[in-house]
Structures are given as C-alpha cells and as structure tokens.
Amino acid sequence: APAPPPARHLFSDPAEIEALRGNLLAWYDRCKRDLPWRALAATEPDANRRGYAVWVSEVMLQQTQVATVIDYYNRWMQKWPTLQALAQASLEEVNELWAGLGYYSRGKRLQEAARKVVSKLAGRMPRTAEDLQKLLPGVGRYTAGAIASISYGQATGVVDGNVIRVLCRLRCIGADSSSPAVIDRLWDMANVLVDSSRPGDFNQALMELGATVCVPKAPLCGECPVKPHCQAWRRKLFGNRPPVPDVEDCGVGDCPLCPPATEPWDSSLGVTNFPRKAAKKPPRAMRTATCVLERRGCHGAPEYLIVQRPSSGLLAGLWEFPSLLLAQDLQEEKEREELADHLQAWMGRPVAAKGLQFIGEVIHIFSHIHQTYVVYSLHVDGDVTLDPALSPSRWVTEDEFHASAVSTAMKKV
C-alpha cells in the first residue's frame, strides 16, 4: 500500500483552519464579483428556484469562462425562469439558445434532468449533494456539491479546476493533480475546510480566489488573503532550504503527494510549480468537406440548405451545412468527387464535382479534435426535392441560419 501523506500536506490544525476560513470569507465579502446567479441565490425565497438558478449557472460554467456565460445565463433565466418552464421546452429551443456556448450536451442533459424533476420528483429539487448526484442525470460530484452548499446550506466541499489549483499550492501537492488518488485527497481537504455556517459562500470564495487571484500564470500572491497558509508561497520565499521543516522532509519516492523525483522544484516558477498534470494527448486531426448549397428563395433572397446532425455524439442535434468526414491526405479532386456523391442524396439529382466551387478552409478547435472544414459552395437553380427519409433538413435565409441551433464552427463556415 502507498505511504500515507505527511500531515503537512493536509489541514489538521483547527486554529489554522479557522484562520484560513476567516481570512477567505472576509476577502470574499469585500472583493466578490457581482454575478447574476449569486444575486438570485442570495435573494430568491423559493428553494426550488434557488437550486435551479445555481444549477443552470454551474452547468454553463463548466469549461466556459464567466464573461461568456453571463449573457447566456440571463437569456436562459428570462426564457425559462423555472424548472417547469424548461421541462416544457423543446430540445430545438434549448440548442438554439445554447448555440455558441459549446459542449452542447450540457444543455440537453440539463433539460432531461429538469423533465425528470417534474415528472418523477413532483417538481421538487433534491436538497442534498448525495441525492442531487444520485437522482439527476448529468449532475456529478462537483455540481451536486455546489448546488447543495450554495442553495441549501449543506456543509459539503467542492473541487473544480480553480479549487484544485488553490489547494495544490496551499499544500505543495506536486503529484499529478488529475490522478484519482490526488483528487480524492483534495475532496477530503475541501470537506475539512468548508465553513459550516457559510458553506456556499466559502465554496464560492475558494473558487473565486482561483479564478481571480490564484490564477494559472502570474498569480497575484500579494493580494492573496490566504498567503500565510500557503506552503508554495513559503517555499518561494525561502527557496530549497527553508529555516523550518517543510515539504522537502517527506522523502523521495514514498510520498504520494510530492512532486516526482524526476520533476524537482523549479525556483524560476515559484508557486506555479503547482499544480502538475500529466501531459495532455494532442487533439486528433479531422477533415470534413462542407458545402454551402444556395438557391434563390421565393422572395428573391438567397436561401441555404441546412441538415440536422444525429441526436448523439459531437454537436448532437445541431444544424449544419451538408458535410462529409474525409479520410486524411485525400487529393482535392477526390474530395470533390466524394462530396458530390454525398450531395446527390440531398439534391435528388446528380451533382457534378466540377460544379463545386472551392471557397477555402476553416479550422475549429474542439477540446479533443483539431477540425478542418474544407468549404465548397454550389448554386442551385430550380426546385430541389429533399428526401424525407434522410436526416431532417430545411432551407433558411441568412437571418434564419443565425437564429437556428448552429455551432460556432458552422458560423465560421
């Protein structure tokens, strides 16, 4: 069995824990950002709506910056102010509002869970982190803890990317911060630290600290309210030979939370030595041929054909121009031929590869895919019969295109 982590990696001194809580909450009260979901969570008397408001914000904030989320959140809450309203919406409406926010399955799961609350739970949000995670599809440990602590006052910790960074620096945790063993220790630490009288504020303060002060690069250590408790800061000050016992005393190779011996402390990095993650796999490269089919509409304005993606997988249920995944390293002539064959199904008539006009390439980076869209255009004269047996499709004007549930990548196209 691996050796247990030394106490100096954890928080065990009650006096230090109380001091850290007090410093962090006082800073939060002075410096917290004015965000719409915080206002709702603080003032909404209805517990159900309070939980819903926090839930929506937490789902939107996954993998997305606060500045981007605010406008989406305000529009969402205006359109669907309650769980019941969201449960009655269509997936098409949800995708339309979510368009441009990315990670589209989040919106779909949120709506599915809202429908379950209404149909199976009598419209009542679960009140504890355990029940939230168990009963609501798409709600994981972090989201459950955030809703339960912020909306319902449960004294449970949270661990997200910002909290990981803060805790790893506070306790010089240099092992791979994405490993299950380290994540488990961080959850233990978060549950020890959370303030039982103000759990929601404490958790938001810890996340706020990571988002605004203890940032990945160039952290603002001079403004940090918990600097006296930060082992990484102390190590930065005293270098490799601190005058008091420190994390170096753990011993090489047998501490599960220390940096590996092959990656020692780099004095030039200071506190940004922590956290450490395993190297990411490079995103896989994909090429897709996309054709913008254009016709003259009945009122003279151009119209464009869009088709709906499958209901599962990447960009599920969104609309796009007719597209075809390509094998790598195809010659342009072969790309045209394959796209022309693909378009015949939508057009209901033969398409000449030479008639496809090459426009250019659009690169869009998903979290795990480096996608290149090879863009062609084709003007269509006369009526075009769309096969109803194929995926849903429709002709739209430019304004209708932008109002549809289309991805950012398709807007680039």
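If you're wondering where the values come from, they're calculated on a predicted model, not measured in any experiment.

**Some thoughts on the overall build of the chain**
Logical step 1: Counting its secondary structure elements, the chain contains 16 helices and seven strands.
Logical step 2: Buried positions account for 48% of the 413 residues belonging to the chain.
Logical step 3: Once local pairs closer than 6 in sequence are excluded, the contacts in the chain between residues at least 24 apart make up 67%.
Logical step 4: For the chain, the exposed surface amounts to about 20,000 Å²; the carbon and sulfur share of it is 52%.
Logical step 5: Of the charged side chains in the chain, 47 are positive and 46 negative, and the gap between their average positions amounts to 4 Å.

**As for unusual backbone geometry**
Logical step 1: Residue P275 is reached from F274 by a cis peptide bond, and omega for that bond is -5°.
Logical step 2: On the secondary structure map, P275 appears in the loop between α13 (231-238) and β1 (284-296).
Logical step 3: Of note, the phi angle at Q63 is positive, near 65°, even though the residue is not glycine.
Logical step 4: Tracing the chain through its elements places Q63 in the loop between α3 (47-61) and α4 (66-79).
Logical step 5: A positive phi angle, close to 45°, is found at Y103, a residue other than glycine.
Logical step 6: By relative accessible area, Y103 is classed as partly exposed at 38%.

**Comments concerning the pairing of β1**
Logical step 1: Bridge count for β1 against strand β6 (residues 369-380) is 12 bridges, and the pairing is parallel. What sits directly across from E294, in β6, is H379.
Logical step 2: As paired elements, β1 and strand β4 (residues 323-326) share four bridges and run antiparallel to each other. Its bridge partner being in β4, A289 is matched across the sheet by L324.
Logical step 3: Direction of pairing for β1 relative to strand β2 (residues 302-308): antiparallel, over a ladder of three bridges. In the strand pairing of β2, R296 is matched with P302.
Logical step 4: Here β1 folds back onto β2 in antiparallel fashion, the turn holding five residues, of which G300 has a positive phi close to 95°.

**A short note on the environment of L193**
Logical step 1: Following the sequence through the fold, L193 ends up in helix α11 (residues 180-193).
Logical step 2: A relative accessible area of 0% means that L193 is categorised as buried.
Logical step 3: In this structure, the C-alpha to C-alpha distance between L193 and V118, residues 75 residues apart in sequence, is 35 Å.
Logical step 4: Apart from residues no more than four positions distant in its own chain, L193 is found in contact with F11, I17, L20, R21, L167 and F202.

**Observations concerning the environment of T82**
Logical step 1: Here T82 is to be found in the loop between α4 and α5 (83-88).
Logical step 2: By relative accessible area, T82 is classed as partly exposed at 29%.
Logical step 3: The sequence separation of T82 and A53 amounts to 29 residues, and the corresponding C-alpha distance is 8.3 Å.
Logical step 4: In this structure T82 touches R49 and Y52, once residues within four positions along its chain are discounted.

**A closer look at the nonpolar core**
Logical step 1: Judged by nonpolar contacts, the single largest core of 105 residues is most densely connected at Y52, W55, M60, Y73, W76, L186 and L209.
Logical step 2: The element that contributes the greatest number of residues to this core is α3, accounting for eight residues.
Logical step 3: Residue assignment places this core across two domains, with domain 1 (7-273) and domain 2 (284-403) each supplying three or more.
Logical step 4: Ignoring anything within four residues of it in the chain, the contact list for W76 reads Y52, V56, M60, L86, V94, L97, W98 and L110.
Logical step 5: L305, W346, L378 and W395 belong to the second-largest nonpolar core, a separate cluster that totals 18 residues.

**Describing the side chain of E294**
Logical step 1: By the secondary structure assignment, E294 is in strand β1.
Logical step 2: Lacking a salt bridge, the buried E294 has R296 as its closest oppositely charged neighbour, with an N-O distance of 5.0 Å.
Logical step 3: With near-sequence residues (within four places) excluded, E294 lies in contact with P302, E303, Y304, L378, H379, V380 and W395.

**Remarks on the packing of aromatic side chains**
Logical step 1: A full pass over the atoms with the stated rule returns five aromatic pairs.
Logical step 2: Arranged with centres 5.2 Å apart and planes meeting at 80°, the rings of W37 and Y73 form a pair that is edge-to-face. Remark: Y73 occurs in helix α4 and W37 occurs in helix α2 (residues 36-43); sequence separation between them is 36 residues. The pair formed by W37 and Y73 is uniform in burial state, with each residue classed as buried.
Logical step 3: Here the aromatic rings of F321 and F401 are separated by 5.0 Å at their centres, their planes lie at 10°, and the arrangement is stacked. Linking F321 in the loop between β3 (319-320) and β4 with F401 in helix α15 (residues 398-403), this pair joins segments that are 80 residues apart in sequence. In this structure, F321 and F401 share a single accessibility class: buried.

Rules behind the numbers
- Residues numbered from 1 in each chain as written.
- Predicted model: local features only at pLDDT ≥ 70, side-chain atom pairs only at ≥ 80, totals over all residues.
- Heavy atoms only, no water.
- Helix = DSSP H or I, 4+ residues; strand = E, 2+ residues; numbered from the N terminus.
- Buried < 20%, exposed > 50% of the residue type's maximum accessible area, 1.4 Å probe, protein only.
- Contact = heavy atoms within 4.5 Å.
- Areas by Shrake-Rupley, 256 points an atom, 1.4 Å probe, with all protein chains shown as cover.
- Lys, Arg positive; Asp, Glu negative; His and termini not counted.
- Charge placed at Lys NZ, Arg CZ, Asp CG, Glu CD.
- Pairing = 2+ DSSP bridges.
- Core = buried A, V, L, I, M, F, W, Y, C linked by side-chain atoms within 4.5 Å.
- Domains from an automatic or database assignment.
- Salt bridge = Lys/Arg side-chain N within 4 Å of Asp/Glu carboxyl O.
- Phe/Tyr/Trp six-rings, centres within 6.5 Å; stacked < 30°, edge-to-face > 60°.

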